[in-house]
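# Inside the fold
Okay, here's what each chain looks like letter by letter:
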Amino acid sequence: MTKSKLIKITVPVLIAIFAGIQFIPVEKTNPPVTGDIDAPPAVSSILKRACYDCHSNETKWPWYSKIAPVSLLIANDVNEGREYLNFSIWKDLSEEGHQSIKMAILEKISKGEMPLPQYKLAHPEAKLTDYDKKIIKQWIEPEKGVRP
Ligand code: HEC
């Protein structure tokens, strides 16, 4: 088969696949906010900037979240993220629940694992600075006296 023949077959097949996957249903919801976290304003603004798109019911779904396969990847991150940690239902959790999530937050941000790398590519403003990290550390472990 010549190269041009191959292209003539491959391109329409790829276009058909791309069109076809647009029909895969994607669950993109923003359920009601029932118990938003009551954190100090400095902390809250960092969480909103860097975490809320995946860890709250106030996700800002970007235009490219309408196009498969990106839509499927984004919806998956959001749905999984909310399962682990959802700031919109924070007040519904117990004090122990809060404590263990706060420890997990501390670990994730110290290791630089959150926000997820693919999210930082599309949202450079979500990257946490050292100052942001100090503010969160001071909130979670005030007894350690980290001064931002
Ligand atoms: C692009 C979506 C996305 C963003 C933005 C994001 N996360 Fe996550 N997060 C996830 C997903 C998906 C998981 C579950 C899988 C994993 O642990 O990687 C998760 C897991 C976590 C966990 C683990 C909870 C547990 O119990 O193990 C913590 C803590 C966390 N995220 C904190 C944060 C914080 C803090 C921010 C903001 C600084 C943030 N995340 C931003 C998607 C995101």
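Our structure's up above, just so we're on the same page.
Residues numbered from 1 in each chain as written. Predicted model: local features only at pLDDT ≥ 70, side-chain atom pairs only at ≥ 80, totals over all residues. Heavy atoms only, no water.

## Notes on the overall build of the protein
Along the protein, the regular secondary structure elements total seven helices and zero strands. Written out in order from the N terminus, the α and β elements of the protein read α-α-α-α-α-α-α. In summary, the protein has a C-alpha radius of gyration of 20 Å against a globular reference of 15 Å for 148 residues, an excess of more than 25%. Along the first, second and third principal axes, the C-alpha atoms of the protein reach 70 × 30 × 20 Å. Within the protein, the proportion of its 148 residues that are buried is 34%. (Helix = DSSP H or I, 4+ residues; strand = E, 2+ residues; numbered from the N terminus. Rg over C-alpha atoms; globule rule 2.2 N^0.38 Å. Buried < 20%, exposed > 50% of the residue type's maximum accessible area, 1.4 Å probe, protein only.)

## Concerning the nonpolar core
Residues Ile37, Leu47, Phe87, Ile105, Ile136 and Trp139 are the most contacted members of the largest nonpolar core, which totals 22 residues. Those residues within four positions of Leu47 in sequence are excluded, and the remaining contacts are Ile37, Tyr52, Phe87 and Ile136. (Core = buried A, V, L, I, M, F, W, Y, C linked by side-chain atoms within 4.5 Å. Contact = heavy atoms within 4.5 Å.)

## Here's the deal with the packing of helix H2 (residues 41-50) against helix H7 (residues 130-140)
Relative orientation and spacing of two packed helices are given, respectively, by the angle between their axes and the distance between those axes. Closest axis-to-axis distance for the H2/H7 pair is 10 Å, and the angle between their directions is 125°. Classified by the interaxial angle, the pair formed by H2 and H7 is oblique. In this structure, the crossing between H2 and H7 has a hand that is left-handed. In this structure, H2 uses Ala42, Val43, Ile46, Leu47 and Arg49 to contact H7, whose residues at the interface are Asp132, Ile135, Ile136 and Trp139. Grouping the constituent residues of the contact of H2 with H7 by class yields seven nonpolar, no polar and two charged. (Axes fitted to C-alpha atoms, helices over the stretch in contact; angles between N-to-C directions. Parallel < 35°, antiparallel > 145°, perpendicular 65-115°, else oblique. Left-handed = near helix turned anticlockwise from the far one by under 90°. Nonpolar A, V, L, I, M, F, W, Y, C, P; charged D, E, K, R; others polar.)

## Focus on the pattern of salt bridges
Applying the stated rule across the entire model yields five salt bridges. The partner of Lys91 in a salt bridge is Asp38, and the shortest N-O contact between them spans 3.7 Å. Of this pair, Lys91 sits in the loop between helix H4 (70-84) and helix H5 (95-110) while Asp38 sits in the loop between helix H1 (3-21) and H2, placing them 53 residues apart in sequence. Each of the two residues, Lys91 as well as Asp38, counts as exposed. We note a salt bridge from Arg49 to Asp132, for which the minimum N-O separation is 2.7 Å. One end of the pair, Arg49, is in helix H2; the other, Asp132, is in helix H7, with 83 residues separating them in the sequence. (Salt bridge = Lys/Arg side-chain N within 4 Å of Asp/Glu carboxyl O.)

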